[in-house]
Amino acid sequence: MTTFVRIVDEGSLVAAANSSGLSPAMVGNHLRALEERTGMTLLNRTTRRQSLTEFGRLYYRRCVDILELVEDTDMLAQQSQATPRGKLRITAPHAFGADWLMPALTDYTAQYPQVTIDLVVDDRLFDLVDDQFEAAIRIGELANEDLVARPLSPFRSLLCAAPGYIAAHGQPAEPAELVDYDCLLYTYARQIHADLSSYVLNLAGPAGAVDVTVTGRVYVNSAAALRRAALSGMGITFLPERAVADDIERGDLVNVLPDYRSPERPLHLLYRRDRRLSPKLRNFIDFVLARFGR
């Protein structure tokens, strides 16, 4: 079709051959193949001049429209490769997704306004392929070696409480004393229907690992809600360092037992192996690494 349009536009097979970098014989072959395909004569040709047949005029106009549509479609593909756009489906656990990833996505969507975010905050380990996720944030050791895993800053929690609570109840001197305090405890999705009367905190201190059994009157599956409870003076909570760093720096919370923290847990950004990452996913990966990288 391109060759046929060129023959018409240039006025001859020879001129079309010169403009397209083909031999006149090859241009003639293209024209004959098109006429055989349609079963119609497209051009009346003599040694001195050529003219479109009646069908050739109709076919020429349709070919011009088709080729313009092809060019527009190719341009659309090029734009899609260059500009992040479309829906980005990602998942993250409660302890990370609601409190850090979601606020950060405000900046991401401002940079890439043509991307729509579909974020599923859940502690379940979804299958990226079966559940149609493009990326996932995971806390802890990884089991699936088929995914690309980009390490982020390790996940670590600490004990904290409002200064007013500590002033009223005193500061514990060692982890074992936590049993005498009101503890505000985080519950994962899998713990919601479990017996929480023996809640174990895993701590790492100067002498190594320490497991402490504590009880509490408040159990919440949201780090943000636990932070608000601690700020209001309800008790001692065990929250990710990222969540309370600013509060501690301002003095709104104090670090209880500062020599004891949770053991570091790996934090990774996961996505499927693919040589041709979409622009939205590629930019999301760069964004997360810049914001939460080591």
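Residues numbered from 1 in each chain as written. Predicted model: local features only at pLDDT ≥ 70, side-chain atom pairs only at ≥ 80, totals over all residues. Heavy atoms only, no water.

Draft legend 1. Region of the structure containing unusual backbone geometry. Phi at Gln132 takes a positive value of approximately 60 degrees, unusual for a residue other than glycine. On the secondary structure map, Gln132 appears in the loop between β4 (115-121) and β5 (135-139). The class for Gln132 is exposed, based on a relative accessible area of 60%. Even without a glycine there, the phi angle at Leu257 is positive, about 50 degrees. Positionally, Leu257 belongs in strand β13 (residues 254-261). Judged by relative accessible area, Leu257 falls into the buried class, the value being 4%. (Helix = DSSP H or I, 4+ residues; strand = E, 2+ residues; numbered from the N terminus. Buried < 20%, exposed > 50% of the residue type's maximum accessible area, 1.4 Å probe, protein only.)

Draft legend 2. Inspection of the nonpolar core at higher detail. Ranked by size, the top nonpolar core spans 59 residues in total, and within it Leu101, Ile137, Leu159, Leu269 and Phe284 carry the most contacts. What Phe284 contacts, discounting residues up to four positions off in sequence, is Leu88, Ile90, Leu101, Leu105, Tyr108, Ala135 and Leu269. (Core = buried A, V, L, I, M, F, W, Y, C linked by side-chain atoms within 4.5 Å. Contact = heavy atoms within 4.5 Å.)

Draft legend 3. Broad picture of the packing of helix α1 (residues 2-10) against helix α3 (residues 24-38). Where α1 meets α3, the axes come as close as 9 Å, and the angle between the chain directions of the two elements is 115 degrees. Relative to α3, the element α1 is oriented roughly perpendicular. Seen along the crossing, α1 lies across α3 with a hand that is left-handed. Every residue of α3 that contacts α1 at Thr3, Phe4 and Ile7 is listed here: Val27, His30, Leu31 and Leu34. In terms of residue class, the contact of α1 with α3 is built from five nonpolar, two polar and no charged. (Axes fitted to C-alpha atoms, helices over the stretch in contact; angles between N-to-C directions. Parallel < 35°, antiparallel > 145°, perpendicular 65-115°, else oblique. Left-handed = near helix turned anticlockwise from the far one by under 90°. Nonpolar A, V, L, I, M, F, W, Y, C, P; charged D, E, K, R; others polar.)

Draft legend 4. Quick look at the environment of Val212. Along the chain, Val212 turns up in strand β10 (residues 208-214). For Val212, a relative accessible area of 7% corresponds to the buried category. A C-alpha to C-alpha distance of 8.2 Å links Val212 and Val179, two positions 33 residues apart in sequence. Apart from the residues lying within four places of it in its own chain, the contact partners of Val212 are Pro175, Ala176, Tyr199, Val200, Leu201 and Leu203.

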